[in-house]
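The lines below spell out each chain.
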Amino acid sequence: VKEGPLFIHRTKGKGSLLSSSKRRYFSLTTEALSFAKTPNSKKSTLIKLANIRAAEKVEEKSFGSSHVMQVIYTDDAGRPQTAYLQCKCVNELNQWLSALRKGSINNSGLLGSYHPGVFRGDRWSCCHQKDKTDLGCDKTRSRVTLQEWNDPLDHDLEAQLIYQHLLGMEAVLRHQEPSSVLPNREKHQELSASRETDSVVTGPGEAAEDPLAQLLQVLQGLQEAHRSSPASSPPSEPNHLLELQT
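The model shown is predicted, which means the values in this text are computed figures rather than measured ones.

Colleague: Explain empty space enclosed by the protein to me, and be specific about the residues and the numbers.
Modeller: In this approach, a probe sized like a water molecule rolls over the atoms, and the result shows the empty space that is left. With the rule as written, the count across this model stands at one cavity of 30 Å³ or more. Its boundaries defined by the atoms lining it, the largest cavity holds a volume of some 40 Å³. Among the elements of the structure, strand 5 (52-57) and helix 2 (90-104) are those that each provide at least two residues to the lining of the largest cavity. At three residues, strand 5 tops the list of elements feeding residues into the lining of the largest cavity. For the lining of the largest cavity, the class distribution of residues is five nonpolar, two polar and one charged.

Colleague: Hey, could you go over unusual backbone geometry for me, with residue numbers and the actual values?
Modeller: Unlike most non-glycine residues, His-128 shows phi in positive territory, near 65°. The residue His-128 is located in the loop between strand 10 (123-124) and strand 11 (138-139) in this model.

Colleague: Explain the confidence of the model for the protein chain residue by residue, including any values.
Modeller: Scored by pLDDT, the protein chain comes out at a mean of 77, with 70% of its residues at no less than 70. Mean pLDDT per element in the protein chain: helix 4 (residues 181-198) is the minimum at 49, and strand 5 is the maximum at 96. Contacts of residues 195-202 to residues separated by more than four positions or lying in other chains number three contacts, the stretch itself having pLDDT below 50.

Colleague: Describe helix 5 (residues 211-227), with residues and values.
Modeller: Between the first and last C-alpha of helix 5 there are 24 Å, a value that for 17 residues agrees with the 24 Å anticipated at 1.5 Å per step. Every buried residue of helix 5 is accounted for by Leu-212, Leu-216, Leu-219 and Gln-223. Within helix 5, the buried residues cover an arc of 60° as seen down the axis, which keeps them to one side. Facing away from the buried side of helix 5 by more than 90 degrees, the exposed set consists of Pro-211 and Val-218.

Thresholds applied
- Residues numbered from 1 in each chain as written.
- Predicted model: local features only at pLDDT ≥ 70, side-chain atom pairs only at ≥ 80, totals over all residues.
- Heavy atoms only, no water.
- 1 Å grid on protein atoms, 1.4 Å probe; cavity = no way out; pocket = protein on both sides within 12 Å on 5 of 7 lines; lining within 4 Å.
- Points joined across faces, edges and corners; volume = space filled by probe spheres on them.
- Helix = DSSP H or I, 4+ residues; strand = E, 2+ residues; numbered from the N terminus.
- Nonpolar A, V, L, I, M, F, W, Y, C, P; charged D, E, K, R; others polar.
- pLDDT = per-residue confidence, 0-100.
- Contact = heavy atoms within 4.5 Å.
- Expected span 1.5 Å × (residues − 1).
- Buried < 20%, exposed > 50% of the residue type's maximum accessible area, 1.4 Å probe, protein only.
- Arc of directions from axis to C-beta.

Okay, structure coming up:
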């Protein structure tokens, strides 16, 4: 399902022991989250997917990184445990969270709240509650996942969203080009004109028009098509953009 290197963080006493963090190669299957020293080493099971109760982001101040997640689970004896795992970037963090949530979405006993901090000394770093078994100060997001690349697209909706975005950028494209671009474009047009006069080229090999000018021509054509459309008014742009809330 997902695999790659992660750092394991451990907490003890009054603070996080960053020196105890270890880099391991993790592998997530439909059964468990396992790890090994190297991709080819023997794997050891860390967490069974059926035992996961939440997979959430850890606040940055806990380990000095904004790419740390926590996997809350129960061990074989039924005792609550938490694994703190650090990813190399925010994209990896979101992918791991999404994969873990999808694999455990039907688990019984999923938590409705959690602590985004860590328990240090005698209190939680996030809300300062002194009860280690406190239910949590923030809600979990067990059903918030990333869409897969092969998710079916609504092509009409996607085309409309792109059109609306281009309309919003039209003024910038026409009037706010960087000045450094203009000499290059003028030079390109001069070279194109020179090639047209020096040689006769037909078919696909003709000198290419400026890409920005082509884009604006396409946009103008779309606007004319919309104006001549029998529809009474252009459809409003729905908010279909969903960010992974971690």
